[in-house]
Amino acid sequence: MKPASNKQQDSSKIFEFTPRDFARVRALIYKQAGISLGESKQEMVYSRLARRLRAKGLSTFEEYLDGLESGRDNKEWVAFTNALTTNLTSFFREAHHFPILAEHLLSRKASLSIWCSAASTGEEPYSIAMTACEAFGTLTPPVTIIATDIDTNVLETAANGVYPLERIDKMAQDRVKRFFQRGTGERSGLVRVRPELRQLVSFKPLNLLGASWPVSGPFDVVFCRNVMIYFDKPTQGKILSRFVPLMKPDGLLFAGHSENFLYASDAFKLRGKTVYELDPHHGGARKPA
């Protein structure tokens, strides 16, 4: 289906949403979170932000965006960013990464530190925790996991560790029995991550474009999967350059299946299967063309 023409307002919409409004939204979310929204995202933006207008009791997008730009409502900036953040995730997504992670963890000598930089609702960091438990054969492996996300709503879900039963329906039953508790009564149909697993993961908000990051390395492993696709190449390069001093010299960086960091940074070299390692001869982030 083709997007609606910019020349004609959809009569089914409660609020007018002009091309100028959409352009302002695109500029604001890029400045705030580095997210590059394509022209095809206009309907998605309208749908998600119309809820914010109703919640605020406003009648126009212009009024809503003026309020954001005035800087008087920091909470609404959070709500605005949350509304436009896509959170698509699952347990053991891109499963080929986890045997590589297990092998890397077992090759280390000391306590291990892992940063999951786009935690979403928690499936990825808990998959990392399960991998560590299986690798070391214990629910208390020598691993610390920091899990961050720009979306504060999903972090609350992640910290609770409660999921509908269908979220684990493709997971091996031995894993389910080892790492999850089934709900009963009113909580039937839900599962919760075991407390030992939750204790391995610390969740906190973090904007990858923020002036400061509330994390400190050096990390043995950084997961940054399926988030760089929302940034343009110069922004990717800036983020990657900030990863470098936070990683151990032989640390690993895991990317999403459709992401290629070689075009954005000289700091990393491809190890294989969208797994990167620091290049000891790197010259830093690539300069934009």
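Just above sits the structure.
Sequence positions are assigned chain by chain, starting from 1 and proceeding in written order. Given that this is a predicted model, residues contribute local features only at a pLDDT of at least 70 and side-chain atom pairs are listed and counted only at 80 or more, while totals for whole chains, interfaces and linings are drawn from all residues. Excluding hydrogens and water, the side-chain figures rest on all heavy atoms present in the structure.

What about the sheet that holds strand E5 (residues 190-193)?
Read from one edge to the other, the open sheet built from three strands follows the order E3-E5-E4, with strand pairing classed as antiparallel. Looking at the sheet topology across the chains shown, the edges are occupied by strand E3 (162-164) and strand E4 (180-182). Taking each pair of neighbouring strands and ignoring which way they run, the sheet shows an average axis angle of 30 degrees. Two strands are counted as paired when DSSP detects at least two bridges linking them. Put simply, DSSP marks the helices as runs of H or I at least four residues long and the strands as runs of E at least two long, and each gets a number from the N terminus on. Across three bridges, E4 lies against E5 in antiparallel orientation. Bridged to Gln-181 within E5 is Arg-192. Note on geometry: axes are C-alpha line fits, over the in-contact stretch for helices, and angles between N-to-C directions span 0 to 180 degrees.

Comments concerning the sheet that holds strand E8 (residues 247-255)
The sheet built from seven strands is open, its strands ordered E6-E2-E1-E7-E8-E10-E9 with mixed pairing. Strands at the two margins of the open sheet, each flanked by one partner only, are strand E6 (201-205) and strand E9 (268-272). For this sheet, the mean angle separating the axes of adjacent strands, direction not counted, is 25 degrees. Pairing analysis gives five bridges linking strand E2 (residues 143-149) to E6, with the strands arranged parallel. What sits directly across from Ala-147, in E6, is Phe-203. Lying over the sheet, helix H5 (residues 97-106) contacts strand E1 (112-116), strand E7 (219-224), E8, E9 and strand E10 (275-278), oriented at roughly 165 degrees with respect to E8. Should any heavy atoms of two residues lie within 4.5 Å, those residues are considered in contact.

Describing the side chain of Thr-235
Here Thr-235 lies in helix H10 (residues 233-243). In protein, a polar contact requires one atom able to donate a hydrogen and another able to accept it; more generally it is a pair of N or O atoms within 3.5 Å, and residues adjacent in sequence count only if both atoms are side-chain atoms. Polar side-chain contacts of Thr-235 include one of 3.2 Å to the side chain of Tyr-30. Those residues in contact with Thr-235 that sit more than four places away from it in its chain are Tyr-30 and Leu-209.

Some points on the pattern of salt bridges
Salt bridge criterion: a side-chain nitrogen from Lys or Arg within 4 Å of a carboxyl oxygen from Asp or Glu. This structure, assessed with the given rule, holds 14 salt bridges. The partner of Arg-52 in a salt bridge is Glu-76, with the nearest N and O atoms 2.8 Å apart. Residue Arg-52 is located in helix H2 (residues 42-56), and its partner Glu-76 is located in helix H4 (residues 74-83); the two are separated by 24 residues in the primary sequence. Look at Arg-52 and you get partly exposed, because its relative accessible area is 22%. Residue exposure (1.4 Å probe, protein chains only): buried if accessible area is under 20% of the type maximum, exposed if over 50%, otherwise partly exposed. Residue Glu-76 is classed as buried on the basis of its relative accessible area of 5%. Of the charged contacts, one joins Lys-269 and Glu-277 as a salt bridge, the two residues approaching to 4.0 Å between their closest N and O atoms. Relative accessible area serves as the criterion here: at 35%, Lys-269 is assigned to the partly exposed category. Here the salt bridges do not stand alone but share partners, grouping Arg-108, Asp-220, Lys-248 and Asp-250 into one network.

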